[in-house]
Amino acid sequence: MTLLETTSAPALPVSLSGVARRFPSPDGGERVVLREIDLSIRAGEIVALLGPSGCGKSTLLRLISGLDTADGGELTIAGTPVAAVDQRCAVAFQEPRLLPWRTIERNVEIGLPRGTEKSAGRDRVSELLRLVQLDHASGLRPRQVSGGMAQRASLARALARNPGVLLLDEPFGALDALTRITMQDLLLEVHAVEPATIVLVTHDVDEALQLADRIVLLGTDGDTAGATIRRVLEVGNRRPRDRGDARLAALRAELLDLLGVESHHPEDYITQAIKAQRSKRENP
Amino acid sequence: MAASPDFVTGDSVVRGGIAGPPADPHVTGEAAVHSSEAGTSVVERPRPRRSSWRWLIGAILPVALLVLWWAASHLGWVAAFKLPSPEAVIQAAIDLAQRGVLWEYIGISLQRVLLGFAIGAIVGLALGAIVGLSRLADGFLAPTIGAARAVPSLAWVPLLILYLGFGEDSKVTLVAIGALFPVYTTVAGALRHVDPHLVELGRAYGLHGVRLLTTVQLPAVIPAIISGLRLALAQAWLFLVAAELLGSTMGLGFLLIESQNNGRIDRLFLAILVLAVLGKATDALVGVLERQLLKRWG
C-alpha cells in the first residue's frame, strides 16, 4: 500500500461520561434506551460496540456523531463537547446510502469537507477510490455496482471528510459472509493508512474480534431499564489476527456466553476457556 | 492486498433486501424504504431505441381514421353539415393561412399557453417545495391551497374578467392557475416522501437548507417534477380553450366558438386538429426535456 500524498487529520480521542438517552414511548411515558455510559476511547483506537439487537448500539453511535443529542451526561471529542452533526466525525451507515443519480466518484465527493479546492478534491477522491479498490468503477452509478462495492464507496465517502473519528454502523451487516471478511481486511488496511479513531457497531462477535482493539459489550443489567456497558474486553492491537487463534476462540466463547448464546463447545472446554480468561484478567 | 477488487458479479442481490432487523427503536420502519432498491440488477438491459417500426405502428391508427373519415364524408354515411370532408378542412386551412389569420391564432394561443404554463409551473414548484419541505408550511398552507384547487376552473373566469378585463392578463392567469396545481401537488407529495435515509445522510455530511435541497431533495424528485409538468401542460391547453371560448377575439378557442356560430364545420374540425397537433408537439418537447433530465438524474 502506497502512502497517501494528502495528509489526513489526526485521530481524535472520544470520551463519554454518564451518557443517557430516553425516547418517548407510545403510551406517553418515556423509555430509557441508554444509561450511565462511561467510556473513554483513545485516539486511533478501534472500538467495537457489541450487543443484542435493539440494545441501543446505533443510538450510542448517533450520539457520538451529533446526529442525536443525549438526555444526560457528557460527550466530548478531543476535550470539546460534541456539536450537532459534528464535522470531526464521519458516519458510514449499514446501508450504503449512495445518491442513485450520482456516479460513485461524485458520491464520494459529497464527503469532502466544505471549501475543499476543486483539483485537490478530485485528487483526494481518486486517491480514496484507489484505496478502497474502486478506481475502475468511479464512473458507474450505484445501481450498477454490487453491495460490497457500494459499501466501499460509502467508506471512501466517510474517509473523504478527513474525520478524526470514523463511526461505522454495522457497515458490513447486509453483505454476504465472504464479502464481509474481505471488507474487514480492507478496513484494517485503510485504518493503517488513514489514522482515524474507529467506533464500530456490530452484532457479529467474530467481526468484533477480528477488527477491534477493545470490545464494549452493551446490554441491560438485571431489571433496570436501559442498556449500559456490561463488559469491556481488551483484544489488543496485534495484527494480522489468525481467525482460528486459540485466545480469540476463548474470547469468543466468553462473549457468546455473555450474550446468552449457546456456543456448542464441549461443556468442559468453554468453562475452561472462560475461567482461564477471567483469571488472566483478574491476576495479570 | 487481500481483497479482490471485483465483486460485480454474483452478490448484487445482497443489497437492500437482506437489510436485517433495525437495531434501534427510532430506526424502525425505515428499513422498508431502502428495500425498494433491492431488485435492481447489475446488468443494464439495453433499452430498445425508438426505431422506425414504432413510428409505423403509431401511424396505423391515424391513417385508418383518415381513410374512414374520407369514406364517411364521400360516401354519404354522414351528412355534410355534420362532417366535412378532409379536403374541405385542408381548404379551410389554406384559406385561413392565406388571410394570415391561422398563424396569428396559433401564435397567440401558443403564447398564452407557454406563458401561463411557465408562470404556473414556477409558482407551483415554489409552493410545492415550501409545503413539501416544511411541516409548518404544510400545516399552514396546504388546507387553503387544497380548497383553491377544488374550485372548478371555469368558476374563476367571471372573476378574472372582472378584475383583469378581457385582455391577455386574464387568459394567461387562467392558464397559469390550470398549470399550477398539478405541479404543486406532485412536487409537494414527492418531497414529503424523499427517502429519509438519504436526507439524513445529507445532514450527516454537513448539508442543510438550500444545499441539502439542491444536492439531495430536488434530484430525488426530478421524475415527479416531470410528470407534474406533463399534467400541467395538458391542463394549460384545457384552460386556454376555456379562456378563449369565453371571451376573446383571436386564438384557437375563438376560432372554435366563431365557427360554431357561423356553422363552419370545416374550421371547427381544423381548430380541433390544430389543438391536437400542438398539444402533442408541446408534450413531445417536455418528453425531450424528460429524457435529458433522467439521463442526468435518473
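Conventions and cut-offs
- Residues numbered from 1 in each chain as written.
- Chains lettered and ligands numbered in written order.
- Predicted model: local features only at pLDDT ≥ 70, side-chain atom pairs only at ≥ 80, totals over all residues.
- Heavy atoms only, no water.
- Helix = DSSP H or I, 4+ residues; strand = E, 2+ residues; numbered from the N terminus.
- Buried < 20%, exposed > 50% of the residue type's maximum accessible area, 1.4 Å probe, protein only.
- Contact = heavy atoms within 4.5 Å.
- Areas by Shrake-Rupley, 256 points an atom, 1.4 Å probe, with all protein chains shown as cover.
- Salt bridge = Lys/Arg side-chain N within 4 Å of Asp/Glu carboxyl O.
- Core = buried A, V, L, I, M, F, W, Y, C linked by side-chain atoms within 4.5 Å.
- Expected span 1.5 Å × (residues − 1).
- Phe/Tyr/Trp six-rings, centres within 6.5 Å; stacked < 30°, edge-to-face > 60°.
- Lys NZ or Arg CZ within 6 Å of the ring centre and 35° of its normal.
- Pairing = 2+ DSSP bridges.
- Axes fitted to C-alpha atoms, helices over the stretch in contact; angles between N-to-C directions.
- Parallel < 35°, antiparallel > 145°, perpendicular 65-115°, else oblique.
- Nonpolar A, V, L, I, M, F, W, Y, C, P; charged D, E, K, R; others polar.
- Left-handed = near helix turned anticlockwise from the far one by under 90°.
- Polar contact = N/O pair within 3.5 Å; in protein donor to acceptor, adjacent residues only side chain to side chain.
- pLDDT = per-residue confidence, 0-100.
- Bend = angle between axes of the 7 residues up to and from the residue.

(A) Region of the structure containing the overall build of chain A. Helices and strands together make up the secondary structure of chain A, namely eight helices and ten strands. A burial count over chain A gives 55% of its 284 residues as buried. In chain A, of all internal contacts separated by at least 6 residues, the share reaching a separation of at least 24 is 69%. Total accessible area on chain A is roughly 11,900 Å²; 51% of this is exposed by carbon and sulfur atoms.

(B) How the structure looks around the overall build of chain B. When you go through chain B residue by residue, the secondary structure sums to twelve helices and zero strands. By residue count, 40% of the 298 residues in chain B fall in the buried class. Of all intrachain contacts in chain B linking residues separated by at least 6 positions in sequence, the fraction that spans at least 24 positions is 68%. Carbon and sulfur atoms make up 70% of the accessible area of chain B, which totals about 16,600 Å².

(C) Fine view of the pattern of salt bridges. Residue and element names in this part refer to chain A. The tally for this structure, following the rule as stated, stands at 25 salt bridges over all chains. Two residues, Arg35 and Glu36, come together in a salt bridge whose shortest N-O distance is 3.6 Å. You can call Glu36 exposed: its relative accessible area is 51%. Note that Asp204 and Arg180 form a salt bridge whose closest N and O atoms lie 3.3 Å from each other. Residue Asp204 is located in the loop between strand S8 (197–202) and helix H6 (205–211), and its partner Arg180 is located in helix H5 (residues 177–193); the two are separated by 24 residues in the primary sequence.

(D) Molecular detail of the nonpolar core. Counting 134 residues, the largest nonpolar core has Leu16(A), Leu166(A) and Ile215(A) as the members making the most contacts within it. Here this core takes nine residues from helix H10 (residues 222–245) of chain B, the largest share from any one element.

(E) Quick peek at helix H7 (residues 168–192) of chain B. Across its 25 residues, H7(B) extends 36 Å between first and last C-alpha, which sits within 8% of the 36 Å expected from 1.5 Å per residue. The buried fraction of H7(B) is high, at 18 of 25 residues.

(F) Expanded view of the packing of aromatic side chains. According to the stated counting rule, one finds two aromatic pairs over all chains in the structure shown. For the ring pair Trp69(B) and Phe269(B), a centre distance of 5.6 Å and an interplane angle of 25° mean the geometry is stacked. Taken as a pair, Trp69(B) in helix H2 (residues 52–74) and Phe269(B) in helix H12 (residues 265–297) lie far apart in primary sequence, 200 residues in all. Sitting above the plane of the Phe93(A) ring, Arg97(A) keeps its charged end 3.8 Å from the centroid. Note that Arg157(A) overlies the ring of Tyr205(B), its terminal NZ or CZ placed 5.3 Å from the centroid.

(G) View of the pairing of S8(A). Residue and element names in this part refer to chain A. Counting buried positions along S8 yields six of six residues, so the element is predominantly enclosed. In terms of strand pairing, strand S3 (residues 46–50) meets S8 through five bridges, oriented parallel. Paired with Val47 across the bridge in S8 is Val199. As judged from the five bridges shared by strand S7 (residues 165–169) and S8, these two strands associate in the parallel manner. Across the sheet, Asp169 pairs through a bridge with Val201, a residue of S8.

(H) Inspection of the pairing of S3(A) at higher detail. Summarising burial for S3(A): five of the five residues are buried, a large majority. Here S3(A) shows no split at all, with Ile46(A), Ala48(A) and Leu50(A) on one side and Val47(A) and Leu49(A) on the other all buried.

(I) Structural context of the packing of helix H3 (residues 86–98) of chain B against helix H4 (residues 101–133) of chain B. Residues and elements named next belong to chain B. It is the contact of H3 with H4, at a shortest axis distance of 5 Å, that shows an interaxial angle of 85°. For the element pair H3 / H4, the angle class is roughly perpendicular. Touching Ala93, Leu96 and Ala97 of H3 are Val101, Leu102 and Trp103, all from H4. Broken down by class, the residue content of the contact of H3 with H4 amounts to six nonpolar, no polar and no charged.

(J) Structural detail: the packing of helix H4 (residues 147–160) of chain A against H5(A). Residues and elements named next belong to chain A. In contact at an axis separation of 11 Å, H4 and H5 are set at 20° when each is read in the N-to-C sense. On the basis of the axis angle, H4 is roughly parallel to H5. In this structure, H4 crosses over H5, and the sense of that crossing is right-handed. From H4, Gly148, Gln151, Arg152, Leu155 and Leu159 reach across to H5, where they touch Thr179, Met183, Leu186, Leu187 and Val190. Split by residue class, the contact of H4 with H5 holds six nonpolar, three polar and one charged.

(K) Up close: the side chain of Glu95(A). By secondary structure assignment, the location of Glu95(A) is in the loop between strand S6 (89–92) and helix H2 (104–109). A distance of 2.7 Å separates polar atoms of two side chains, one belonging to Glu95(A) and the other to Arg97(A).

(L) How the structure looks around the confidence of the model for chain B. Averaged over chain B, the pLDDT score is 82; the fraction of residues at 70 or greater is 83%. Considering only residues more than four positions removed or in separate chains, one finds that residues 1–44 of chain B, a stretch of pLDDT under 50, has 79 contacts.

(M) Focus on H2(B). Residues and elements named next belong to chain B. Compared with the 33 Å implied by 1.5 Å per residue over 23 residues, the 32 Å span of H2 between its first and last C-alpha is a close match. Largest kink in H2: about 30°, centred on Ala59, with the proline Pro62 one to four residues after it. Of all the positions in H2, only Trp69, Ala71, Ala72 and Ser73 are classed as buried. Of the surrounding elements, those touching the buried residues of H2 are H3 and H12. Of the residues one or two after H2, Gly76 is the one with positive phi, at around 75°.

(N) Region of interest: the environment of Ser25(A). Residue and element names in this part refer to chain A. You can see Ser25 is positioned in the loop between strand S1 (14–24) and strand S2 (30–41). For Ser25, a relative accessible area of 13% puts it in the buried group. With sequence-adjacent residues up to four places away left out, Ser25 is seen in contact with Glu30 and Arg31. A distance of 2.7 Å separates a polar atom in the side chain of Ser25 from a polar atom in the side chain of Asp27.

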